[in-house]
Amino acid sequence: MYPITGTYARLPDHAPTVAGGPGVSIKVANIKDVSQGTQPGQFTVGDRHDVGHLGELDHTYRQLLDRPVTATVAVLGSDGLPNLTPVWFDYEGDLVLLNLAHHRKKVDWLRANPHATFLLMNPDDPYHWLSIKTTVHREIAEDHPTEGRRVTDQLNRIWRKYTGDDGEYGLRDASVNESRILFELTVDKIATFGVPPS
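Q: Which residues make up the overall build of the protein chain, and what values go with them?
A: Helices and strands together make up the secondary structure of the protein chain, namely three helices and nine strands. When its helices and strands are written in sequence order, the protein chain yields β-β-α-β-β-β-β-α-β-β-α-β. Here the protein chain holds 198 residues, and 43% of them are scored as buried. Residue pairs in contact within the protein chain that sit at least 24 positions apart in sequence constitute 68% of those at least 6 positions apart.

Below, the structure is given as structure tokens:
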């Protein structure tokens, strides 16, 4: 993995992906919930365990990743304060994928401070959620000669996931000649809480 320090620089074309790589381990902390009533130590970390990739999460929480649950992403803005926005969520292996329009402020903010935290909250029960802390691994521009198509394909995939429309992504802003940037983020830590409603 290429270290990212100071100003974020685009990684070389040969930068390896870490998805499914050997020795990958994601720390998961299960927070004690009150879904079955009060318990000693409620709202504190209960058990901890590791998973190799996001697909290995318990179904109780993985369903929040696989369903069209709008995530809230937190990134540090240029003023040093957290900025929270709703985003469509996608992942592959142990990478979170964040597809942004090139002109959005979040692009520059992630380049300056390559960390983001995602919160996926069950729309049917706000006390069933997971939080994913991530670090930018690399970014891919939609106009990249060999990988750019992947950016477009991923955007179309999440368009289908969140809208049910089988066509291509339909919200491009022609007034700015919108192109897309795909950020691949490695998962640093996960916190989980609660169970889905019965």
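Once the structure has been displayed, the description carries forward.
Q: So, unusual backbone geometry: which residues are in play, and what are the values?
A: Unlike most non-glycine residues, asparagine 177 shows phi in positive territory, near 50 degrees. Inspection of the secondary structure assignment puts asparagine 177 in the loop between α3 (148-163) and β9 (180-193). Asparagine 177 sits in the exposed class, given a relative accessible area of 66%.

Q: Provide a residue-level description of the pattern of salt bridges, including the pertinent values.
A: Going through the model one piece at a time under the given rule, you end up with 14 salt bridges. For the salt bridge of aspartate 90 with arginine 157, the shortest nitrogen-to-oxygen distance reads 2.5 Å. Taken as a pair, aspartate 90 in strand β5 (residues 90-92) and arginine 157 in helix α3 lie far apart in primary sequence, 67 residues in all. Residue classification places aspartate 90 among the buried positions, given a relative accessible area of 8%. Exposure remark for arginine 157: the relative accessible area of 32% places this residue in the partly exposed category.

Q: Lay out the packing of aromatic side chains in plain terms, naming residues and giving numbers.
A: What the rule picks out here adds up to seven aromatic pairs. Ring plane angle 50 degrees and centroid distance 6.1 Å describe the contact between tryptophan 88 and tryptophan 159, whose orientation is recorded as tilted. Within this pair, whereas tryptophan 88 is found in the loop between β4 (82-87) and β5, its partner tryptophan 159 is found in helix α3, the two being separated by 71 residues in sequence. When its relative accessible area of 24% is taken as the criterion, tryptophan 88 is described as partly exposed. On the basis of relative accessibility, which here comes to 10%, the residue tryptophan 159 falls in the buried class. Taking the centre distance of 5.6 Å and the plane angle of 15 degrees together, the rings of tryptophan 129 and phenylalanine 193 count as stacked. Of this pair, tryptophan 129 sits in strand β8 (residues 129-141) while phenylalanine 193 sits in strand β9, placing them 64 residues apart in sequence.

Q: Explain the environment of leucine 57 residue by residue, including any values.
A: Mapped onto the elements of the fold, leucine 57 is located in the loop between β2 (45-51) and α1 (59-66). Residue class for leucine 57 comes out buried when judged on its relative accessible area of 3%. For the pair leucine 57 and isoleucine 190, spaced 133 residues apart in the sequence, the C-alpha separation amounts to 9.7 Å. In this structure leucine 57 touches Val28, Val51, Arg62, Leu65, Leu130 and Ile190, once residues within four positions along its chain are discounted.

Q: Describe the side chain of arginine 138, with residues and values.
A: Relative to the helices and strands, arginine 138 resides in strand β8. Assessed through its relative accessible area of 8%, arginine 138 is described here as buried. Separated by 2.8 Å, the side chains of arginine 138 and glutamate 147 make a polar contact. A polar atom in the side chain of arginine 138 sits 2.8 Å from the side chain of glutamate 184.

What counts and how
Residues numbered from 1 in each chain as written. Predicted model: local features only at pLDDT ≥ 70, side-chain atom pairs only at ≥ 80, totals over all residues. Heavy atoms only, no water. Helix = DSSP H or I, 4+ residues; strand = E, 2+ residues; numbered from the N terminus. Buried < 20%, exposed > 50% of the residue type's maximum accessible area, 1.4 Å probe, protein only. Contact = heavy atoms within 4.5 Å. Salt bridge = Lys/Arg side-chain N within 4 Å of Asp/Glu carboxyl O. Phe/Tyr/Trp six-rings, centres within 6.5 Å; stacked < 30°, edge-to-face > 60°. Polar contact = N/O pair within 3.5 Å; in protein donor to acceptor, adjacent residues only side chain to side chain.

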